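If you want the building blocks of each chain, they are given just below.
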Amino acid sequence: MTRSYPLMDRDGWRPYFSLVLFCGIALTLSIPSARVVRDLASASFLSVLPTFFYAHALFMGLLGLALGTASAGRGEQGGRMLVSLALRVLLGQFLCLPYLVFARGLFPGRGETFALIALFTTLVSLALAVFGRWIEQPRRSGPSSGFLAKYALFIGYYAAPLAGLPLLSPLGAVGLLLEGVAPLEALLALLVPAALLGVLSPFAVRLKGEGHV
């Protein structure tokens, strides 16, 4: 008999609060002055909006880790676990939708870029959610020791590639997408989190739930 998992429990809203709060603050700081709004050239665009999109990429990743940890605590497993994580990540994007719509209203010619970034950050968040579920698997011998490793790898994923291969970093990829890249480079940016998701998903699906639901 397959087990169904609730989309959200009483404590499940906490990670979303940080996402909405800090992305809202970043968007507020990114709102251009009246002088800049009158001149929506590419240079003006690049000078005002990256703060929001960098914050969005960062906190969608942190949301993914938090969702994976919560999933491990509930003992979720199997294909239904992946579906539940995907729906929770999409909920995070839905909560940020007003911010994305506002940004698109400021720069109507960049709609395709914003949609691509939304897809990219969704893949990143889901890959990290699956990673968090896998690394936080409870052990019979005691509590999971994955906390430090989880955030160390998170920092490495976001920061290390910036030194030489920014396309491999969510922050670097978002910056390149904002600047405008060739279709092949945009595809490569999407393939990195998609590949991580494809590699990690089978390991997470095979985990046995030992937490509480």
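Scroll up to find the structure this text is about.
Reading guide: rules and limits
Numbers given to residues run from 1 along each chain, matching the order in which its sequence is written. Confidence filtering applies because this is a predicted model: local features only for residues at pLDDT of at least 70, side-chain atom pairs given and counted only at 80 or more, and all residues used for totals across whole chains, interfaces and linings. The side-chain numbers reported here are obtained from all heavy atoms of the structure, hydrogens and water having been left aside. Strands are runs of DSSP state E lasting at least two residues, helices are runs of H or I lasting at least four, and both sets are numbered from the N terminus onward. Only protein chains enter the calculation, and the probe is 1.4 Å; a residue is then buried if its accessible area is under 20% of its type maximum, exposed if over 50%, and partly exposed in between. A contact between two residues is defined here by any heavy atoms of the two lying within 4.5 Å. Residue-level accessible areas treat just the shown protein chains as cover; the underlying method is Shrake-Rupley with a 1.4 Å probe. Pairing of N or O atoms within 3.5 Å defines a polar contact, subject to two protein rules: one partner must be a possible hydrogen donor and the other a possible acceptor, and residues neighboring in sequence count only if both atoms are side-chain atoms.

## Considerations on the overall build of the protein
Here is step 1: Assigned secondary structure in the protein consists of nine helices and zero strands.
Here is step 2: Traced from its N-terminal end to its C-terminal end, the protein shows the element sequence α-α-α-α-α-α-α-α-α.
Here is step 3: A burial count over the protein gives 46% of its 213 residues as buried.
Here is step 4: Look at the contacts in the protein between residues 6 or more apart in sequence, and 78% of them connect residues 24 or more apart.
Here is step 5: In the structure as shown, the protein presents an accessible area of about 10,800 Å², 69% of it carried by carbon and sulfur atoms.

## So, the side chain of Lys150
Here is step 1: Among the structural elements, Lys150 can be located in helix α7 (residues 146–159).
Here is step 2: In this structure Lys150 comes out as buried when scored by relative accessible area, which is 3%.
Here is step 3: In this structure the side chain of Lys150 is engaged in a polar contact, spanning 3.2 Å, whose partner is the side chain of Glu136.
Here is step 4: Beyond its immediate stretch of four places on either side in the chain, Lys150 contacts Leu65, Thr69, Phe131, Gly132, Ile135 and Glu136.

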